[in-house]
Amino acid sequence: MAVVTKFVVVREGVEKMTFTSKKEADAYDKMLDIADNLTPFLAESELEIDEVTCEKLSFYLAQHKDLLLSLLKGVVPQKTETTEIKKKTKKADAKNVDTKK
């Protein structure tokens, strides 16, 4: 019999994602905190976006916070960075869809 340790990120009583390492779970939890903080910031803007789009945008910005910070500092990203981010986003979206089922 095998013993498997799992780290589950839970928000408002709902399981969001399961990880095999505490470090990954903590990083995901922190990313969700950032997204939660970005949502009201974006909602208060003059952009007329619905709640779902606002949450998706907040989640996207939180997922790519390192690139966003570089952009805010005026650093132009290299093509390879943006390509890697697109690949990671597609993988994360696929994982996110799988865990919601």
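Residues numbered from 1 in each chain as written. Predicted model: local features only at pLDDT ≥ 70, side-chain atom pairs only at ≥ 80, totals over all residues. Heavy atoms only, no water.

Undergrad: Sorry, what's going on with the packing of aromatic side chains here?
TA: When we look at a pair of aromatic rings, we describe it by the centre distance and by the angle of the planes. In this structure the tally under the stated criterion is 1 aromatic pair. Note on F19 and Y28: the rings are 5.4 Å apart at their centroids and 50° apart in plane angle, and the pair reads as tilted. In this structure, F19 and Y28 share a single accessibility class: buried. (Phe/Tyr/Trp six-rings, centres within 6.5 Å; stacked < 30°, edge-to-face > 60°. Buried < 20%, exposed > 50% of the residue type's maximum accessible area, 1.4 Å probe, protein only.)

Undergrad: In this structure, what is going on with the confidence of the model for the chain? I would like to understand it.
TA: Residues shown with low pLDDT carry predicted positions that ought not to be read at fine detail. Model confidence for the chain is summarised by a mean pLDDT of 84, while 77% of its residues fall at 70 or above. Confidence over residues 97–101 falls short of pLDDT 50; this stretch has 2 contacts with residues more than four positions distant or in other chains. (pLDDT = per-residue confidence, 0-100. Contact = heavy atoms within 4.5 Å.)

Undergrad: Would you take a moment to explain the nonpolar core for this structure?
TA: Here is a general trend for soluble globular proteins: nonpolar side chains tend to be buried in one another's company. Counting residues in each nonpolar core, the largest one holds 14 residues, and the members touching the most others are V9, F19, Y28, M31, L32, F59 and A62. With 7 residues, the single largest contributor to this core is helix α1 (residues 22–43). When neighbours within four sequence positions are excluded, L32 is seen to be in contact with V9, R11, K16 and F59. (Core = buried A, V, L, I, M, F, W, Y, C linked by side-chain atoms within 4.5 Å. Helix = DSSP H or I, 4+ residues; strand = E, 2+ residues; numbered from the N terminus.)

Undergrad: Even after reading the chapter, I still don't get the pattern of salt bridges, so can you show me in this structure?
TA: Working definition: two side chains of opposite charge can pair if their charged atoms are close together. According to the stated counting rule, one finds 5 salt bridges in the structure shown. Notably, a salt bridge pairs D26 with K22, separated by 3.0 Å at the nearest N-O pair. Placement of both D26 and K22 in helix α1 is noted, with a separation of 4 residues, approximately one turn of the helix. Given the relative accessible area of 48%, K22 is considered partly exposed. (Salt bridge = Lys/Arg side-chain N within 4 Å of Asp/Glu carboxyl O.)

Undergrad: Sorry, what's going on with a nonpolar patch on the surface here?
TA: Among the surface-exposed residues, L47, I49, L57 and Y60 lie close enough to one another that they form a single nonpolar patch of about 330 Å² accessible area. You can see L47 is positioned in the loop between α1 and α2 (51–63). (Patch = residues over 30% accessible without salt bridge, like charges linked within 9 Å, V, L, I, M, F, W, Y side chains within 5 Å. Areas by Shrake-Rupley, 256 points an atom, 1.4 Å probe, with all protein chains shown as cover.)

Undergrad: Explain the environment of F41 here, please?
TA: Among the secondary structure elements, F41 is positioned in helix α1. The exposure class of F41 is exposed, given its relative accessible area of 59%. Considered as a pair, F41 and C54 are 13 residues apart in the sequence and their alpha carbons are 9.5 Å apart.

Undergrad: Got a minute to help me understand unusual backbone geometry in this structure?
TA: A negative phi holds for most residues other than glycine; trans holds for most peptide bonds. In the Ramachandran plot, E12 falls in the positive-phi region, its phi being about 50° despite a non-glycine side chain. For E12, the position within the fold is in the loop between β1 (7–11) and β2 (14–19). When its relative accessible area of 82% is taken as the criterion, E12 is described as exposed.

Undergrad: Could you clarify how one ought to interpret α2 in this entry?
TA: The α-helix advances 3.6 residues per turn, and as a result positions three or four apart in sequence lie on the same side. Taking 1.5 Å of rise per residue, 13 residues should cover 18 Å, and α2 covers 18 Å from first to last C-alpha, within 8% of that figure. In this structure D50 caps α2, since a side-chain oxygen of it lies 3.2 Å from the backbone nitrogen of V52. (Expected span 1.5 Å × (residues − 1). Polar contact = N/O pair within 3.5 Å; in protein donor to acceptor, adjacent residues only side chain to side chain.)

Undergrad: Would you explain the packing of α1 against α2 in this entry?
TA: Close contact between α1 and α2 brings their axes to 8 Å; oriented N to C, the two are set at 135°. With respect to α2, the element α1 is oriented oblique. In the packing of α1 onto α2, the handedness of the crossing is right-handed. Counted together, Y28, M31, L32, I34, A35, L38, T39, L42 and A43 of α1 and C54, E55, L57, S58, F59, L61, A62 and Q63 of α2 form the full contact between these two elements. Partitioning the contact of α1 with α2 into residue classes produces 13 nonpolar, 3 polar and 1 charged. (Axes fitted to C-alpha atoms, helices over the stretch in contact; angles between N-to-C directions. Parallel < 35°, antiparallel > 145°, perpendicular 65-115°, else oblique. Left-handed = near helix turned anticlockwise from the far one by under 90°. Nonpolar A, V, L, I, M, F, W, Y, C, P; charged D, E, K, R; others polar.)

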